[in-house]
Every structure is written in structure tokens, then in C-alpha cells.
Amino acid sequence: QVQLVESGGGLVQAGTTLKLSCATSGLTFSMYDMGWFRQSPGNEREFVAAITWSGGNTAYADPVKGRAAVSRDNSKNVVYLQMTNLKPEDTAVYYCASSRGYLPRNPTEYNYWGQGTQVTVSS
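Report follows, based on the coordinates. (Residues numbered from 1 in each chain as written. Predicted model: local features only at pLDDT ≥ 70, side-chain atom pairs only at ≥ 80, totals over all residues. Heavy atoms only, no water.)

**Brief notes about the overall build of the protein**
Looking only at helices and strands, the protein has zero helices and eleven strands in total. Of the regular secondary structure in the protein, the N- to C-terminal order runs β-β-β-β-β-β-β-β-β-β-β. Judged by the C-alpha coordinates and their principal axes, the protein covers about 40 × 25 × 25 Å. Counting over 123 residues, the protein shows a buried share of 42%. Counted over contacts in the protein with a minimum sequence separation of 6, partners at least 24 positions apart contribute 58%. Treating the 10 positive side-chain charges of the protein as one cloud and the 9 negative ones as another, the clouds have centres 5 Å apart. (Helix = DSSP H or I, 4+ residues; strand = E, 2+ residues; numbered from the N terminus. Buried < 20%, exposed > 50% of the residue type's maximum accessible area, 1.4 Å probe, protein only. Contact = heavy atoms within 4.5 Å. Lys, Arg positive; Asp, Glu negative; His and termini not counted. Charge placed at Lys NZ, Arg CZ, Asp CG, Glu CD.)

Put into C-alpha cells, the structure is as follows:
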């Protein structure tokens, strides 16, 4: 049984930093590229960041470039997303997901998803 569980979200002030975690189980974690997506009410799920199976390469969406850092610890089966200088427009539910592809930006390329963690940024 594959499980991805996000944590670390919350209500924060603009300009601050959050580090989200995604704990995985039931899959061979090191065989998957991992991605982060976010979705707010009424909007499509959008790509945020991705990291290769080895952690050697990453990809970021333009709105978070320079503010987001994705990393992974394969010994713990955990992927992280650190967001700095948070803005109100970062408010969304953040999801982690696994993919057999190479740093895909399309959510259809991901096979397993977590339930999400809410990030709310107040001004």
C-alpha cells in the first residue's frame, strides 16, 4: 500500500519561511522522481517543484523560482519543499506526488499523490 503524507503547512505571515515534508511508504522511493504541486479553490492544480530520484536535478515553476528549494532524503523516504519569502498568492493546498518520468511538470505524469497540507499566507 503506497502512502504519501504531507506535513508542515500552517498559517504564516508574508515574508516568512515554511518547510513542508512528504513522508512516503509502500514504494521504492529512490526509483521515483518526486514533485510538489499546489491548488487553491477554483484553480487548476499547478506545478511547483520536482526532484530526480538521486536528488541531482531539480525543476521549479516560475512563480517560486528563487524562493523554493526541493530536496529529498532517500534513507528516510522523505521529500521536502522549503518556501521562503512567502506571499499571499502562495496560499494553497500543497501536494507531493511520485513519478516514473523525468521531472515532469504535468500532474498526469504522476501516479501517487498525498492528501495535501494547507499553507495559508497572510499579509
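The rest of the description comes next.
**What to know about the nonpolar core**
Grouped together as the largest cluster of nonpolar side chains are 34 residues, with contacts concentrated most on Trp36, Val70, Val79, Leu81 and Tyr94. Tallying contributions element by element places strand β5 (residues 46–51) first for this core, with five residues. (Core = buried A, V, L, I, M, F, W, Y, C linked by side-chain atoms within 4.5 Å.)

**Re the side chain of Ser98**
Here Ser98 is to be found in strand β9 (residues 92–99). On the basis of relative accessible area, Ser98 is assigned to the buried category, the value being 0%. Among the polar contacts listed, one links the side chain of Ser98 to the side chain of Asn111, at a separation of 2.8 Å. Not counting residues within four places of it along the chain, the set of residues in contact with Ser98 comprises Leu4, Leu27, Tyr32, Asp33, Met34, Tyr110, Asn111 and Tyr112. (Polar contact = N/O pair within 3.5 Å; in protein donor to acceptor, adjacent residues only side chain to side chain.)

**Quick word on the pattern of salt bridges**
Close approach of charged atoms allows side chains of opposite charge to pair. Using the criterion set out here, one finds four salt bridges in the structure. A salt bridge links Asp90 to Arg38; the shortest N-O distance between them is 2.8 Å. One end of the pair, Asp90, is in the loop between β8 (78–83) and β9; the other, Arg38, is in strand β4 (residues 33–39), with 52 residues separating them in the sequence. The two residues Asp90 and Arg38 agree in class, both being buried. Across the salt bridge formed by Asp62 and Lys65, the nearest N and O atoms sit 3.2 Å from each other. Three or more residues are tied together by salt bridges with common partners; here these are Arg38, Glu46, Arg67 and Asp90. (Salt bridge = Lys/Arg side-chain N within 4 Å of Asp/Glu carboxyl O.)

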